[in-house]
Amino acid sequence: MTTERLDQPRALRRTLRPHYDPEAFGRLSEQIARFLGTARFIVYMTVFVGVWVAWNVVAPPNLKFDPYPFIFLTLMLSLQASYAAPLILLAQNRQSDRDRIQYEQDREAAERNQAEIEYLTREIAGLRLALNEVATRDYLRAELGRFVEELKERR
């Protein structure tokens, strides 16, 4: 058994599986899911189904490609739904991941803000205590006035 060396890159292996970029695929799925959730998509699908049904009802028999039970139309809509559902779920999962990360960042910012507020509150309380020990202008005037009176009395 050979152990892999961690200080050397792995040798490239050929694989039959297709390689895809998960981030690019996720962005594409979000764009598709965003489009599937619009009124434009509903209008397009309604027009598509309407034209399909109208063609297969009104067209001459030799040009009809999906007669009345519209089995092929049902198959096409099922295929579209089978691709749309996982793409929408993928887009929702990516959005929930982004929301979770945003929530964590907001929580951390709120904790930092709370710590800063507590620090500033302590600083303000310290300043108030320090100001109580500082002589005010009125106190100094009163003391100087008494001192002047004492000096006048001594003379």
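Residues numbered from 1 in each chain as written. Predicted model: local features only at pLDDT ≥ 70, side-chain atom pairs only at ≥ 80, totals over all residues. Heavy atoms only, no water.

Considering the side chain of Ser29
- When you line up the elements, Ser29 lands in helix H1 (residues 22–36).
- Engagement of the side chain of Ser29 in a polar contact is seen with the backbone oxygen of Gly26, the distance being 2.7 Å.
- Once residues within four sequence positions are removed from consideration, Ser29 is found in contact with Leu87, Leu90 and Ala91. (Helix = DSSP H or I, 4+ residues; strand = E, 2+ residues; numbered from the N terminus. Polar contact = N/O pair within 3.5 Å; in protein donor to acceptor, adjacent residues only side chain to side chain. Contact = heavy atoms within 4.5 Å.)

So, unusual backbone geometry
- Phi angles above zero are rare outside glycine, and Phe70 is one such case at about 50 degrees.
- Following the sequence through the fold, Phe70 ends up in the loop between helix H2 (39–58) and helix H3 (71–133).

What to know about the UniProt feature "transmembrane region" (unreviewed entry) in the chain
- UniProt's entry tags residues 41–58 and 70–91 with the feature "transmembrane region" (unreviewed entry), counted in the numbering of this structure.
- From the first C-alpha to the last, residues 41–58 spans 25 Å; its make-up is 100% helix and 0% strand.
- Regarding residues 70–91, the helix share stands at 95% and the strand share at 0%, and the terminal C-alpha atoms are separated by 31 Å. (UniProt positions renumbered as here; feature names shortened; annotations may be inferred.)

Observations concerning the packing of aromatic side chains
- In the structure shown here, the tally under the stated rule is 6 aromatic pairs.
- With a centroid separation of 6.3 Å and an interplanar angle of 40 degrees, the aromatic rings of Phe35 and Tyr44 are classed as tilted.
- Exposure remark for Phe35: the relative accessible area of 34% places this residue in the partly exposed category.
- Where Tyr68 meets Phe70, the ring centres are 5.9 Å apart and the plane angle is 65 degrees; that geometry is what we call edge-to-face.
- Since its relative accessible area comes to 67%, Tyr68 is described here as exposed.
- Of the residues examined, Phe70 reaches a relative accessible area of 12% and is grouped as buried.
- A network of ring pairs unites the aromatic residues Phe48, Trp52, Phe65 and Phe72 as a single cluster. (Phe/Tyr/Trp six-rings, centres within 6.5 Å; stacked < 30°, edge-to-face > 60°. Buried < 20%, exposed > 50% of the residue type's maximum accessible area, 1.4 Å probe, protein only.)

Considerations on the packing of H2 against H3
- H3 packs onto H2 with a crossing angle of 160 degrees between their chain directions and a minimal axis gap of 11 Å. On the basis of the axis angle, H2 is roughly antiparallel to H3. Crossing handedness for the pair H2 and H3: right-handed. Along the contact surface, H2 presents Phe41, Met45, Phe48, Val49, Trp52 and Val53, while H3 presents Phe72, Leu73, Met76, Leu77 and Gln80.
- A per-class count over the contact of H2 with H3 returns 10 nonpolar, 1 polar and no charged. (Axes fitted to C-alpha atoms, helices over the stretch in contact; angles between N-to-C directions. Parallel < 35°, antiparallel > 145°, perpendicular 65-115°, else oblique. Left-handed = near helix turned anticlockwise from the far one by under 90°. Nonpolar A, V, L, I, M, F, W, Y, C, P; charged D, E, K, R; others polar.)

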